[in-house]
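Observations on the three-dimensional arrangement
Now for the letters of each chain:
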Amino acid sequence: GKAPTKVPMFFHSSLGKNFTSEEDVKPGGAWWKNFGLSETFYKYDMGYEAERGVPTFKLGDLNEAEGEEILASIISHAKAMAEESAEGKPVKDLVVTVPSDA
């Protein structure tokens, strides 16, 4: 179908972690243990980018995105919403907070 299994969210704590094989993103694998929410609660259709060693999210039949790409899309959409609510004034700055244990 055209819609992904789930829209990726709540995965930001897994960015920058080392996942070494496709087995890590399968149900019960290291990615799911790090994610903290079980695959029965929040099912994603996952893939694995071997060259970079990162999990990917399968978004439909032909698209796969890495976590950084998804966060960039979220930030871009937030910028568009901010500019719309600011009556078209450009948004130039962004503050991203990172928890101390990251």
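A brief structural summary. All values derive from a computational prediction rather than experimental measurement.

**Topic: the pairing of strand β3 (residues 63–66)**
In terms of strand pairing, strand β2 (residues 54–59) meets β3 through 4 bridges, oriented antiparallel. When the sheet's bridge partners are listed, lysine 58 is paired in β3 with glutamate 64. With antiparallel pairing between neighbouring strands as the criterion, β2 and β3 make up a hairpin whose turn holds 3 residues, including glycine 60 at a positive phi of roughly 90°.

**Re unusual backbone geometry**
In this structure, glutamate 87 takes a positive phi of about 55° despite not being glycine. Position of glutamate 87 relative to the elements: it lies in the segment after α2 (67–85). On the basis of relative accessibility, which here comes to 74%, the residue glutamate 87 falls in the exposed class.

**Some remarks on the pattern of salt bridges**
Throughout the structure, instances matching the rule amount to 4 salt bridges. In this structure, the salt-bridge partner of arginine 52 is glutamate 66, at a minimum N-O distance of 2.1 Å. With arginine 52 in the loop between β1 (46–49) and β2 and glutamate 66 in strand β3, this pair connects stretches of sequence that are 14 residues apart. A network of salt bridges, in which partner residues are shared, links Arg52, Glu66 and Glu68.

**Some thoughts on the nonpolar core**
Counting residues in hydrophobic clusters, the biggest one holds 11 residues: Phe19, Val25, Trp31, Trp32, Phe35, Tyr44, Met46, Tyr48, Phe57, Ala65 and Ile70. If you list the elements that add at least two residues to this core, you get α1 (30–35) and β1. The dominant element in this core, judged by the number of residues it contributes, is α1, at 3 residues. If we skip the residues at most four places from it in the chain, methionine 46 touches Val25, Trp31, Trp32, Pro55, Thr56, Phe57 and Lys58.

**So, the side chain of threonine 56**
Along the chain, threonine 56 falls in strand β2. Judged by relative accessible area, threonine 56 falls into the buried class, the value being 5%. What threonine 56 contacts, discounting residues up to four positions off in sequence, is Asp45, Met46, Gly47, Tyr48, Glu49, Glu64, Ala65 and Glu66.

The rules behind each value
Residues numbered from 1 in each chain as written. Predicted model: local features only at pLDDT ≥ 70, side-chain atom pairs only at ≥ 80, totals over all residues. Heavy atoms only, no water. Pairing = 2+ DSSP bridges. Helix = DSSP H or I, 4+ residues; strand = E, 2+ residues; numbered from the N terminus. Buried < 20%, exposed > 50% of the residue type's maximum accessible area, 1.4 Å probe, protein only. Salt bridge = Lys/Arg side-chain N within 4 Å of Asp/Glu carboxyl O. Core = buried A, V, L, I, M, F, W, Y, C linked by side-chain atoms within 4.5 Å. Contact = heavy atoms within 4.5 Å.

Just geometry here; none of it tells us what the structure is for.
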